[in-house]
Amino acid sequence: MSDLQTMRVMVLEKPGEPLRLKQIPVPRPAMGQVLIRIHACGVCRTDLHIVDSELANPKLPLIIGHEVVGEVVEVGVGVADFQPGDRIGIPWLGYTCGQCRYCLGGRENLCENARFTGYTIDGGYAEYTVADARYCFRVPDRYASPEAAPLLCAGFVGYRTYRLAGENIRNLGIYGFGAAAHIITQIAVYQGKQLFAFTRPGDWKGQEFARSLGVVWAGDSTVAPPEKLDAALIFAPVGALIPEALHHLDKGGVVVSGGIYMSDIPTFPYSWLWEERSIRSVANLTRQDGRELFKIAPRVPVRTYIHTYPLEQANQALDDLRAGRFEGAAVLVVSDE
Ligand SMILES: [Zn+2]
Ligand SMILES: [Zn+2]
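Residues numbered from 1 in each chain as written. Chains lettered and ligands numbered in written order. Predicted model: local features only at pLDDT ≥ 70, side-chain atom pairs only at ≥ 80, totals over all residues.

Visitor: Give a description of the overall build of the chain that names residues and reports values.
Guide: A tally of regular secondary structure across the chain gives nine helices and 17 strands. Against the 2.2 N^0.38 benchmark of 20 Å for 337 residues, the chain shows a C-alpha radius of gyration of 20 Å, consistent with a compact globule. Its C-alpha atoms give the chain principal-axis dimensions of roughly 60 × 40 × 35 Å. Every one of the 337 residues in the chain was classed for burial, and the buried ones make up 48%. Of the contacts made within the chain by residues no fewer than 6 positions apart, 68% connect residues no fewer than 24 positions apart. (Helix = DSSP H or I, 4+ residues; strand = E, 2+ residues; numbered from the N terminus. Rg over C-alpha atoms; globule rule 2.2 N^0.38 Å. Buried ≥ 20, exposed ≤ 12 C-beta atoms within 10 Å, placed from the backbone. Contact = placed C-beta atoms within 7 Å.)

So, in structure tokens, the structure goes:
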């Protein structure tokens with residue numbers, strides 16, 4: 001293990017290549033930053049999109065990972081909210097300007113000058129990292145660090161996606177039953193919604209997993225659900241799912257796409273959109289989304305189903321996610337709590 005001089009990291013030097021294990025100096029916290037010793041970091045589909053060159057202009061070389069949970073070991077000048085010993089989480093949203101019209105209008109997720117953990121600033125596939133304290137969250141005590149990690153993106157962004165489906169929905173479809181879906185399903189069931197889960201065709205294990213979480217129906221994404229949907233959330237990066245889901249919506253329904261990247265969307269007849277159906281996307285998160293998710297998750301209580309790997313096996317974790325080899329969420333376990 002490292003002392004406080006150097007740390008092990010899994011670094012992306014060039015998109016399209018595997019991450020490389022390296023030993024580099026531990027960063028020092030600048031003004032307003034905290035230095036954390038990482039316990040665990042979730043593996044998100046967005047990490048795959050960055051590694052696979054599907055997202056433009058990442059910082060390079062880059063330490064990916066934006067579902068980071070760890071312990072504060074040092075605070076920079078001006079940090080009042082956290083102290084050494086606090087257990088905190090670092091999400092995707094790493095910085096906003098506070099001054100653009102989106103920030104001023106309560107939509108900091110759309111900030112013109114935002115920076116993102118594990119994309120435009122270094123993230124959590126490492127033993128230590130620094131983060132702007134204003135974007136960090138205290139982690140609910142109920143969760144061990146590896147269990148909490150998926151809440152930091154699959155949970156936060158998944159929750160925003162769910163919220164944008166609207167309040168008065170009853171039948172909710174979810175396409176792509178991975179990390180975000182398994183968290184949001186538990187919240188939606190708790191809130192009395194009827195859930196319909198759609199998986200890759202033939203993924204019986206995924207459908208069984210969805211049923212175990214309380215969905216009323218689970219089936220292939222190519223199949224019509226037994227009832228019309230008031231809303232559908234899409235968590236798979238497959239553009240063809242948009243018209244597919246749209247076609248199963250009731251009047252006035254909405255399809256919300258929760259991912260940062262998707263393959264092209266095929267054309268479809270206007271009649272599928274007619275009668276005030278809509279399609280929208282979700283970008284990033286606001287800190288308010290995070291606060292709300294951390295309030296509701298322990299109350300449900302949401303349980304995260306995790307598949308763990310040591311830091312050095314990050315490439316294996318990414319491959320397994322790409323191939324859909326596990327249910328729930330992959331998490332790198334970096335150090336003990
Ligand atoms: Zn801004
Ligand atoms: Zn993510």
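Visitor: An account of the packing of helix α4 (residues 154-163) against helix α8 (residues 287-296) is requested, with residue identities and associated values reported.
Guide: Contact geometry for α4 and α8: axes closest at 9 Å, N-to-C directions at 100°. Relative to α8, α4 is oriented roughly perpendicular. Here Gly-155, Phe-156, Tyr-159 and Arg-160 of α4 come into contact with α8, specifically with Asp-289, Gly-290, Glu-292 and Leu-293. (Axes fitted to C-alpha atoms, helices over the stretch in contact; angles between N-to-C directions. Parallel < 35°, antiparallel > 145°, perpendicular 65-115°, else oblique.)

Visitor: Can you explain the nonpolar core? Please cite residues and give values.
Guide: If you look at the biggest cluster of nonpolar residues, it comprises 102 residues, and the most contacted ones within it are Tyr-125, Ile-174, Ile-234 and Leu-332. With seven residues, the single largest contributor to this core is strand β3 (residues 33-43). The two domains that each donate at least three residues to this core are domain 1 (6-153 + 285-333) and domain 2 (156-281). Sequence-distant contacts of Leu-332, that is, excluding residues within four places in its chain, are made with Ala-40, Cys-41, Val-43, Tyr-125, Tyr-309, Leu-311, Ala-314 and Ala-317. (Core = buried A, V, L, I, M, F, W, Y, C linked by C-beta atoms within 7 Å. Domains from an automatic or database assignment.)

Visitor: Give a detailed account of the pairing of strand β14 (residues 249-257), specifying residues and quantitative values.
Guide: Examined bridge by bridge, strand β13 (residues 229-234) and β14 share five bridges and lie parallel to one another. Considered in β14, the bridge of Ile-234 is made with Ser-257. In this fold, the crossover linking β13 to β14 by way of helix α7 (residues 241-246) has right-handed handedness. Across four bridges, the pairing between β14 and strand β15 (residues 278-281) is parallel. Paired with Val-255 across the bridge in β15 is Ile-279. (Pairing = 2+ DSSP bridges. Right-handed = clockwise from strand over helix to strand, strands pointing away.)

Visitor: Break down unusual backbone geometry for me, with residues and values.
Guide: The residue after Leu-60, namely Pro-61, is reached through a cis peptide bond having omega -10°. Relative to the assigned elements, Pro-61 resides in the loop between α1 (45-51) and β4 (68-75). A cis amide bond, omega -15°, links Val-300 with the succeeding residue Pro-301. Its location among the elements puts Pro-301 in the loop between α8 and β16 (306-310). Here Glu-275, not a glycine, exhibits a phi torsion of approximately 70°, which is positive. Relative to the helices and strands, Glu-275 resides in the loop between β14 and β15. Despite not being glycine, Glu-276 shows a phi value in the positive range, around 65°. By the secondary structure assignment, Glu-276 is in the loop between β14 and β15. Judged by local crowding, Glu-276 falls into the exposed class, with 10 C-beta atoms found within 10 Å.

Visitor: Please provide a residue-by-residue account of the domain arrangement of the chain, values included.
Guide: The domains assigned to the chain are domain 1 (6-153 + 285-333) and domain 2 (156-281). Here domain 1 and domain 2 have C-alpha centroids that lie 26 Å from each other. Contacts between the two partners involve 24 residues from domain 1 and, on the opposite side, 18 residues from domain 2. Put simply, the parts of the chain that give the side of domain 1 that touches domain 2 at least two residues each are α1 and α8. By residue number, the principal contributor to the side of domain 1 that touches domain 2 is α8, which donates five residues.

Visitor: Help me get a handle on the sheet that holds β15, residues and values and all.
Guide: Pairing between the strands of a sheet is mediated by backbone hydrogen bonds and can be parallel or antiparallel. Here we have six strands laid out as an open sheet, ordered β12-β11-β10-β13-β14-β15, and parallel in their pairing. Two strands close off the open sheet at either side, each with one partner strand: β12 (217-220) and β15. Strand after strand, the sheet turns through a mean of 20° between neighbouring axes, direction not considered. Pairing of strand β10 (residues 171-175) with strand β11 (residues 194-199), which is carried by five bridges, proceeds in the parallel orientation. Its bridge partner being in β11, Leu-172 is matched across the sheet by Leu-195. This element, helix α5 (residues 179-190), spans β10, β11 and β13 of the sheet and lies at about 170° to β10.

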